[in-house]
Amino acid sequence: MTKDDKVNNDKIRNPDTNAKSFAMISHVSSLTFISRAHSHSSQPNTMIRERSTMEGQERDQDKEASVSFRSVLPHEPLPADSSGYIHVQGALEPKLKKDKGDEGKPSANQDQADYYWTKQGLEEALHEALTKICQGSALQSVSVLEDNSSPPYTKVRLSYSSPLAALKVVQYFRAEKVSAHDLLLVSPNNDNEEATMTSHWQFAARPLQATLLTTQPFLSTQMAWNRSNPPKFRRLIARPGEPVELLQQERQITRYVFLSGLVDTTNKNNNNPPWWDNSRQVCEAIRSQLHVYDTSGKGIELYISNKKKTSNRTTHFCHVGMRSPEDARALMAGLQGKILTWKQPCDWNDTSTCTTEQQQQQQQQQPTIQSDKLFLDYAAVTKRSEAKATAKATGEDLVKGEKSRSECTSVTKHVVVPGLVLITDFITPQEEQVLLAALTGPTAPWAPSQTNFSNSGAVKRRVQHYGYVFDYETANVNRDRSQPGSDCPPMPGMPPSDMSSLEAYTETCTAEGRGWELMAGIAERTRRTTFEIQAKDDDEEEQQGQSTITKQFPKLNQITVNVYEPGEGIGSHVDTPSAFDDGLISVSLNGGVVMEFRRQQQQQDDEKIKKLVYLPPRSLLLMSGPARFEWEHMIVTRMTDTHEGVVLHRSRRVSMTLRTAIDLSGEPMPCVSSTRFPPVWGTVGQSATDALVTPSMEREHVHAVYDAIATQWHHTRGKRGVLWPGATQFLKELPEGSIVADVGCGDGKYFPAIWEAGSYVIGSDISLPLLQQATHAHQQDAASQPDSRRVSEHRQHLQKKPAVLVADCMNVPLRSKSCDAAICIAVMHHLSTRDRRIRCISELGRIVKVGGLINIQAWAMEQQEKSKRKFAGTDVFVPFNAQPKYLEAAKNTAIATGMHPDPGKSTAQLYSEEYNADYDEQKGLVVFKRYCHMYRTGELEELVQEVDTVELYESGYESGNHFVILRVVT
Ligand SMILES: O=C(O)CCC(=O)C(=O)O
Ligand SMILES: [Fe+2]
C-alpha cells in the first residue's frame, strides 16, 4: 500500500481542528450546493450522504488495505479486475480569489482559504458530479488520496463496476478535457449562494488527468510489461557477420510481430470523431481482429507507433505482442499481405451509460478501420542501454542517424513507381574502380565555383558538374558557359574513330586506367541503352494489365558527380523540369544506398506514398515520366540502410547523374565535350600550363606531406633501406670518383651506395625535414644501420659531410655540366603535369656533363600480380598512414621554421585540417594523401623524346617501377 493509498477519514487539512470547525462545515455545505446547482436536482440530505460516503470508504479501505494499484500500460489488454479503477489528478481544489483592495494578499477574514475543502466534502461533490456526468450508475466509490505534504488534494481514485466502465470514463475525461470547473461548477445559475461562490472562488479550467488503474501485479518475468515507457523495438535482422541460426533462434522465441499498413479510413469531413487518435480504442479494435491468434488466452499486447497523418488518412504500424512463439508464427502466416477492415467495436457506443450529446452523436456513426496490405515481420525488444553495450562490445559505433530511427521500416514492395527502371551491373567492377579513381582522385576536376557553393552550405556533399553547371541557389542550369560561375569541365567525349567499337574502347580504357576516357564511354553506353519502362501506375496496371514502352536518351549532355560520405544524403526534390529534359540517370559507384521516392501531392489532401529502392553499386537508375516529374526523390542522411532484412553500413557513394540540359524553348542544349585529358576549362586550365609554378596539388599532396611524415618515413622505410637493385647496379658501374647528383634524394637512402661505389654525392630535395633525416642518419652509429646504409671503413671519409641542398627539381641550383652522373629515383611520379615531367628530365640533362648517365625511376601503372598495390588510374592518391607520435617532431620543426602559424592546434587537428589528411580515429592514424602519377609502359621513353639534350640508353621495368637510363648528348 502506497503513501497515497492511506486514507484517514478523520484527518482534515487544518491542523487546528477546533478553531476552524465552523468554516469547514460551511464549506461542506457550499460544496453540496455547487453539486446541486450543476445537477438542478433537489437538495439531498447532506448528513446522510456524508455518512454513507464514509462508510463506503471504510469498506473500500478494508478491502484495499492489501491492494496496490498500478496504471494500465497503453499496450496492455483490459485488466481482468472485478472493478475498474481510475486515478484522477490535477488542480481539483478551488482557489480563493484575492481581495483586489489588499495588494493581492488574502485579507484576514479570508484565511479560511487553506481549509476550504475537507476530504469528505470533495469526495461527496465529485461523487455527485460524476454520477451525473458519465457512467454514473457504475460508479462505486470516490476516495481522495491524501497528500501529506500540503494542500491541495489533487489525487482521487474512482472505482467503477467494471474495467470497461472505468475505461470509458477515462476516455471521456480525455476526449472532453474535463476540468475541476466542469465537474464542480457545471451549470451556474443566478442563485445567490452560487454567485457568492464564484465571486470568492476560482475553479481551475485546466484538464484533469485520468488514468486507468489495475490491481494486477507487474509481470516481472516479462520485460516488456514491466515498463511504463513503451519498449524500443528493432526488427529481427541479421547483422553483417551474424550467423543466421542465431537469428532463427531468436525468431523462435520472440513474441513480437511488427505489423504495418494500418490505415484510418475515418472520413473526417463527416464530422466523425477522431477516434483513431485514441490509441486505446484502436488497440481494442485491432485486438478484436487478432484475438483468434491468441491461443494462450492471455491477451495480446499492442504498441501503436508512428502515426503518419495526412488530412484524410492516417497510417500506423504497431507491434503485436503474442504470448507464445506459435501464436506469433500463426499470426505472421495468417495476416501477411492481407487487407483487413474493422468496425469500431459496438461496445464503445453503449449509449445507456453516456449522456453527453457528443457521445450520442458518436454512436450514430460506425467508423471503420482499413489496412493496406499488411506487412509483418519479427521484432525484438532492445533497451537502448543494451544497444549501447552491444555496440561497445562489438566495436560498432552508435553513430548519428543509426539508432535514432526505428529500423522497422517497410520496404513497400507493392508500391510501383511508374517510369523507374533499375539496371543492376550496368558497369563492371573494373570499370567502377577506374571511374572512381578518376572522379575522386587527384585529377578529378573539381571546379572552384562548386566548391564555393559547398562552403556556403548550399550543397553539403561534394559535387562536380560537367558540361553545364547546375546552380543550386537558383535551381537552374547555367546555359552560358562563359559567364562567371558557369565554367566547368566539358563532358568527356569519345574520339569519333572509336564510336563504332564502343565496348572495345571501354575495355581498353579500363585496362589502361584511363578514367576520363572511360567516363566518355560510359556516357555513350548510357545514350545507347534502350530502356524498357513500365508506364502505368498501380491502379491502372490492375485495370489494364502491364504496359511497357521503350525509350532512349541520346542527347545526354550533362553529368553531375555527387560524393556522399556515410551519413550524407540529398533532400527530397524533383529535378527542375525547366532545366532538364525527361530521363534522369544515376549510376552508383562504390557504395549502395536506399533512395526514397515520394509521390508529390497534387492536392493538399493527397497522401505522399513512399517507395524505398535500394541502388546497389554499379547499378543504373532511370527516372522517367512520372518517376521524373511527379515523384520526388531523396536520400536520407543516415549511416545504415536496411535492405531485405540486412543492415548495410553505408560507405562512400559516388554517383554520376547524367541528364539532358535544355534551353528555354525546351530543346536539348549542345553537348560540349572534350576527348583531351586532363580536361581544360575556364581559368584553371590556363594557369596550369606554366611548368615552373608548383601546382597546389603538389604543394599540398606531395611537399607538405613529406615535410610532415619525414621522421616516420625515415624510421620505417629509410631504416629498412630497400634499394632498387637496378639503381645500385647503376651506381656501382660509375667510374670511381664520380660526382653524382641525387635529385630528390629524400632521406639519402642511396647515399651509402654512392659512397660505397667510391663516388661523391650532392643530394637535393624540396623537403628540408627529409634532408635533415639524411644528414642525421650518417652521423649515427653504423651498427644501428641496415646493410644498405652501412659504409665500409675505407669509404667512411666520404660520408663525413654529405652535401645536401633544399631545391626544386624544376630548378636544380647546380652549374650546368657540373656532375658526372645523376639519379632521380621515385621523384617523377610526384610531378603532376606533363610539362613538369619534361622539365625535370631536361634539368637532369643540363647538370650532367656530355656523355654522363642519368638513371630515372618512377612508379608503374602496371603492378605485378602479387603486389598489394593496384592502381585504378594513372593519377591517384596513395595513402600514407602516419602515427601522431612521429608527427609531433615534424610539427615542432614546422613551428620552429615558421611554417605553421597556429601552434595551438593538436597534431591530428593540424594535419587533418591543414594537410587535407583524414584522421582515422579508430586506428589513431593520420592518413595523408600522396599524389602519384603512375607511368604507363613507354611513357617515360616518350617524355625523353621531348628533351633534346639526352638520348635513351636503356629502359625497363623493375619491381613495379619503370626506369630509363639516359645519356647526355649535348
Ligand atoms: O546521387 C544520386 O543518385 C542522385 C542525385 C540527384 O538526385 C541530383 O543531383 O539531383
Ligand atoms: Fe535529383
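Conventions adopted
Residues numbered from 1 in each chain as written. Chains lettered and ligands numbered in written order. Predicted model: local features only at pLDDT ≥ 70, side-chain atom pairs only at ≥ 80, totals over all residues. Heavy atoms only, no water. Donors = N, O, S within 2.8 Å, 3.2 Å for Na, K, Ca; no water. Helix = DSSP H or I, 4+ residues; strand = E, 2+ residues; numbered from the N terminus. Buried < 20%, exposed > 50% of the residue type's maximum accessible area, 1.4 Å probe, protein only. Near = heavy atom within 4 Å. Polar contact = N/O pair within 3.5 Å; in protein donor to acceptor, adjacent residues only side chain to side chain. Nonpolar A, V, L, I, M, F, W, Y, C, P; charged D, E, K, R; others polar. Pairing = 2+ DSSP bridges. Axes fitted to C-alpha atoms, helices over the stretch in contact; angles between N-to-C directions. Contact = heavy atoms within 4.5 Å. Phe/Tyr/Trp six-rings, centres within 6.5 Å; stacked < 30°, edge-to-face > 60°. Lys NZ or Arg CZ within 6 Å of the ring centre and 35° of its normal. Expected span 1.5 Å × (residues − 1). Salt bridge = Lys/Arg side-chain N within 4 Å of Asp/Glu carboxyl O. Parallel < 35°, antiparallel > 145°, perpendicular 65-115°, else oblique. Left-handed = near helix turned anticlockwise from the far one by under 90°. Core = buried A, V, L, I, M, F, W, Y, C linked by side-chain atoms within 4.5 Å. pLDDT = per-residue confidence, 0-100.

So, on to the coordination of the iron ion (ligand 2). Listed as protein donors to the iron ion (ligand 2) are His573 (NE2), Asp575 (OD) and His633 (NE2); their distances from the metal cover 2.1 to 2.2 Å. Along the chain, the residues donating to the iron ion (ligand 2) are arranged with the sequence spacing H-x1-D-x57-H. Here His633 lies in strand 27 (residues 631–635) and Asp575 lies in the loop between strand 22 (570–573) and strand 23 (584–589), a separation of 58 residues in the sequence. Exposure class is identical for Asp575 and His633. Each is buried.

Okay, the site of ligand 1 next. The environment of ligand 1 is formed by Asn562, Tyr564, Ile570, His573, Asp575, Ser586, Met595, His633, Arg653, Ser655, Thr657 and Arg659. At 2.5 Å, a side-chain N or O of Tyr564 approaches an oxygen atom of ligand 1. Here Ser586 contributes a side-chain N or O atom positioned 2.6 Å from an oxygen atom of ligand 1. Of all the elements in the fold, those that place two or more residues in the shell around ligand 1 are strand 21 (558–564), strand 22 and strand 30 (653–659). In terms of residue count, the dominant contributor to the shell around ligand 1 is strand 30 (4 residues). For the shell around ligand 1, the class distribution of residues is 3 nonpolar, 6 polar and 3 charged.

What follows concerns the sheet that holds strand 26 (residues 620–623). On the basis of which strands lie adjacent, the open sheet formed by 6 strands has the order 14-26-23-30-21-15 and antiparallel pairing. Each edge of the sheet is formed by a strand with only one pairing partner; in this case those strands are strand 14 (420–423) and strand 15 (462–466). Here the average twist between neighbouring strands, direction ignored, is 15°. Against the sheet, helix 15 (residues 515–528) contacts strand 15, strand 21, strand 23, strand 26 and strand 30, and its axis sits at roughly 55° relative to strand 30.

Right, let's get into the packing of aromatic side chains. Under the counting rule described, the total for this entry stands at 9 aromatic pairs. Relative to Tyr472, the ring of Phe470 lies with its centre 5.2 Å away and its plane at 85°, an arrangement referred to as edge-to-face. Given the relative accessible area of 9%, Phe470 is considered buried. For Tyr472, a relative accessible area of 26% translates into the label partly exposed. Feature note: the residues Phe470, Tyr472 and Phe580 constitute an aromatic cluster, connected by ring pairs. For Arg525, the ring lying beneath its charged end belongs to Phe426, and the centroid distance is 5.9 Å.

Next up on the list: the environment of Ser162. Note that Ser162 resides in the loop between strand 5 (155–160) and helix 4 (163–176). C-alpha of Ser162 to C-alpha of Leu139: the two residues are 23 residues apart in sequence and 9.3 Å apart in space. Sequence-distant contacts of Ser162, that is, excluding residues within four places in its chain, are made with Ser82, Ser83 and Gly84. Here the side chain of Ser162 touches Ala165 through a polar contact of 3.0 Å, landing on its backbone nitrogen.

Let us look at helix 3 (residues 119–133). Between its first and last C-alpha, helix 3 extends 21 Å over 15 residues, near the 21 Å set by a 1.5 Å rise per residue. A large share of helix 3 lies buried, amounting to 12 of its 15 residues. Taken together, the buried positions of helix 3 are occupied by Lys119, Gln120, Gly121, Leu122, Glu123, Glu124, Ala125, Leu126, Glu128, Ala129, Leu130 and Ile133.

Tallying each qualifying case throughout the model produces 18 salt bridges. Taking the shortest distance from any N to any O, the salt bridge between Arg659 and Asp575 comes out at 2.6 Å. With Arg659 in strand 30 and Asp575 in the loop between strand 22 and strand 23, the pair connects residues that are 84 residues apart, well separated along the chain. For the pair Arg659 and Asp575, one class covers both residues: buried.

Now for the packing of helix 12 (residues 429–440) against helix 15. Interaxial distance between helix 12 and helix 15 falls to 8 Å at its minimum, and their mutual angle equals 120°. When the axis of helix 12 is compared with that of helix 15, the two are oblique. The hand of the helix 12/helix 15 crossing is left-handed. Taken together, the residues of helix 15 that come into contact with helix 12 (itself represented by Glu431, Val434, Leu435, Ala438 and Leu439) are Gly515, Trp516, Leu518, Met519, Ile522 and Arg525.

What follows deals with the sheet that holds strand 40 (residues 950–958). The mixed open sheet is built from 7 strands, whose spatial order is 34-33-32-35-36-41-40. Whereas interior strands pair on both sides, the edge strands pair on one side only; in this sheet they are strand 34 (803–806) and strand 40. Strand after strand, the sheet turns through a mean of 15° between neighbouring axes, direction not considered. Direction of pairing for strand 35 (residues 819–825) relative to strand 36 (residues 848–859): parallel, over a ladder of 6 bridges. The residue of strand 36 that forms the bridge with Ala821 is Leu853. Sitting on the sheet, helix 20 (residues 725–732) touches strand 32 (739–743), strand 35, strand 36, strand 40 and strand 41 (961–968), and the angle it makes with strand 36 is about 165°. The strands touched by helix 23 (residues 834–847) are strand 32, strand 35, strand 36, strand 40 and strand 41; relative to strand 36, the strand with the most contacts, the crossing angle is about 150°.

The biggest cluster of nonpolar side chains holds 34 residues, and the ones touching the most others in it are Ile559 and Met656. At the level of elements, helix 12, helix 14 (502–511), helix 15, strand 19 (531–534), strand 21, strand 23, strand 26 and strand 30 are the ones that each hand at least two residues to this core. Here this core gets 6 residues from one element, more than from any other, and that element is helix 15. Residues in contact with Met656, not counting those within four places in the same chain, are Leu439, Met519, Ile522, Ile559, Thr560, Val561, Ile585, Ser586 and Val587. Residues Leu122, Ala138, Tyr160 and Leu183 belong to the second largest nonpolar core, which totals 33 residues.

Once that is clear, we can look at the confidence of the model for the protein. As a note on interpretation, predicted positions should not be read in detail where pLDDT is low. For the protein, per-residue confidence averages 74 on the pLDDT scale, and 64% of positions sit at 70 or higher. Contacts for the low-pLDDT stretch residues 101–116, under 50 throughout, to residues beyond four places or in other chains number 26 contacts. Counting contacts from residues 448–457, a segment whose pLDDT is below 50, to residues more than four positions away or on other chains yields 14 contacts.

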